[in-house]
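# A closer look at the structure
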Amino acid sequence: MKFTLYLVVLFSAFSSFAQTRQRTIAVTIDDLPVVSTRRDIKNRREITKKLLAHIKEAKVPAIGFVNENKLFNGAERDEEQIDLLRMWLDAELELGNHTFSHPSADAIEPEAYQADILRGEVITKELLKTKNTQIRFFRHPYLQTGSKMEVKNSIYEFLKVHNYIVAPVSIDNADWIFASAYDKAFDKGDKKLMKQIGDAYVPYMESKMDYWERQSVKLFGREISQTLLIHANFINSDYFDDLAKMLKKRGYKFVTLEESLKDEAYRLPDNFTRRAGISWLHRWALDRGKDFVLPNEPLTPDFVLKAAGVESE
Ligand SMILES: [Zn+2]
């Protein structure tokens, strides 16, 4: 009996050691080239440059998901905006499709959604061709995959036919609320508030990491290879270096999305059919029953919600 207990203790000590050593994460960045109230090209270039410098410094094989409607000025192609994507490719990062105009799968007809997917790949494909690579991944805007099973399945089927791999998200979070608060504080010239928001951002993201790691263990008895969603925004251009440091400190190795999706957890189906855009970990948890959803998911601090002008998450 005692010996068995000893073995159990030894085994769990070993597996937790192995777990910390084996943590992997893919960083996926949405709404390229930039999502910010800072719309002029000078600011957008600065955001892109700083974000890419942090990514390079931390050696993160990130993937960016593009909304091509941002690459137009009216009906005209806007080469200055397209140049921002060229900066991503010159940094040897992959680009994926995030639709042309960022619709919700529930807001428009499936045919219109499909047309938006195809319209959203034209320039990205052209750019990837210059690097002898192809477009592979698709990310649903708002993580909304369709609240009717037939709509959802028709989109999944359409993506498959067009050789897209759906890019799931395990580490969902509200970086976009922090970003909105940060942008608004900047627009008001409130540097003190910007600093407060920035100071709260990485600790908030760390609390999310902790939550999703535990949710992962609850579901799978282990931590899966994680897929983080963040956005190409001003706050990440200022804080991605700290974010990457936090992840490294937690024992994460940065891997490509392709590598992360080799984890067998991602073979599980996505049967979620509600409007909300939620983590795939919660989709799988709900499949097994509400008790599998880990309670007390960390919330965005009130002062950040207020600064962003958002009522609740
Ligand atoms: Zn998006």
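Residues numbered from 1 in each chain as written. Predicted model: local features only at pLDDT ≥ 70, side-chain atom pairs only at ≥ 80, totals over all residues. Heavy atoms only, no water.

Approximately 930 Å³ is the volume attributed to the largest pocket. Sorting the residues of the lining of the largest pocket by element identifies β1 (24-32), α7 (175-187) and β8 (226-231) as the ones contributing at least two each. The element contributing the most residues to the lining of the largest pocket is α7, with five residues. A per-class count over the lining of the largest pocket returns 11 nonpolar, 13 polar and 11 charged. The space that makes up the second largest pocket amounts to roughly 490 Å³. What lines the second largest pocket is a set of 20 residues, among which Tyr-156, Ile-165, Val-166, Tyr-266 and Leu-268 lie closest to the centre. Elements with a contribution of two residues or more to the lining of the second largest pocket: α6 (149-161), β7 (165-166) and α11 (280-288). Ranked by residues supplied to the lining of the second largest pocket, first place goes to α6 with six residues. Residues that form the lining of the second largest pocket fall into these classes: 13 nonpolar, one polar and six charged. (1 Å grid on protein atoms, 1.4 Å probe; cavity = no way out; pocket = protein on both sides within 12 Å on 5 of 7 lines; lining within 4 Å. Points joined across faces, edges and corners; volume = space filled by probe spheres on them. Helix = DSSP H or I, 4+ residues; strand = E, 2+ residues; numbered from the N terminus. Nonpolar A, V, L, I, M, F, W, Y, C, P; charged D, E, K, R; others polar.)

For the zinc ion, the protein coordination sphere consists of Asp-31 (OD), His-98 (NE2) and His-102 (NE2), at 2.1 Å. The sequence pattern formed by the donor residues of the zinc ion is D-x66-H-x3-H. Of this pair, Asp-31 sits in strand β1 while His-102 sits in the loop between β5 (94-97) and α4 (110-119), placing them 71 residues apart in sequence. The two residues Asp-31 and His-102 agree in class, both being buried. (Donors = N, O, S within 2.8 Å, 3.2 Å for Na, K, Ca; no water. Buried < 20%, exposed > 50% of the residue type's maximum accessible area, 1.4 Å probe, protein only.)

What follows deals with empty space enclosed by the protein. Evaluation of the coordinates by the stated rule reveals one cavity of 30 Å³ or more. The volume enclosed by the largest cavity comes to roughly 40 Å³. Taken together, Ile-171, Asn-173, Met-205, Lys-208, Met-209, Leu-228, Leu-243, Met-246 and Leu-247 form the lining of the largest cavity. At the level of elements, α8 (191-220) and α9 (234-249) are the ones that each hand at least two residues to the lining of the largest cavity. Partitioned by chemical class, the residues of the lining of the largest cavity number seven nonpolar, one polar and one charged.

With that out of the way, let us pick up the nonpolar core. Membership of the largest hydrophobic core comes to 91 residues, with the highest contact counts inside it found for Ile-29 and Ile-55. The element that contributes the greatest number of residues to this core is α8, accounting for 12 residues. When neighbours within four sequence positions are excluded, Ile-55 is seen to be in contact with Ile-29, Val-60, Ala-62, Trp-88, Leu-93 and Phe-240. (Core = buried A, V, L, I, M, F, W, Y, C linked by side-chain atoms within 4.5 Å. Contact = heavy atoms within 4.5 Å.)

What follows deals with the packing of aromatic side chains. Enumeration over the complete set of coordinates arrives at 10 aromatic pairs. Taking the centre distance of 4.9 Å and the plane angle of 80° together, the rings of Tyr-211 and Trp-212 count as edge-to-face. On the basis of relative accessibility, which here comes to 0%, the residue Tyr-211 falls in the buried class. A ring pair is formed by Tyr-266 and Trp-284, whose centres lie 5.6 Å apart and whose planes are at 70°; its orientation type is edge-to-face. (Phe/Tyr/Trp six-rings, centres within 6.5 Å; stacked < 30°, edge-to-face > 60°.)

With that settled, consider unusual backbone geometry. Along the chain, Leu-32 connects to Pro-33 via a cis peptide bond; the corresponding omega equals 5°. The topology assignment puts Pro-33 in the loop between β1 and α2 (41-57). Not every positive phi belongs to a glycine, and Tyr-142 is a case in point at roughly 60°. Here Tyr-142 shows up in the loop between β6 (137-138) and α6. Here Tyr-142 falls in the partly exposed class, since its relative accessible area comes to 48%. The phi torsion at Asn-163 lies on the positive side, around 60°, for a residue other than glycine. Note on placement: Asn-163 falls in the loop between α6 and β7.

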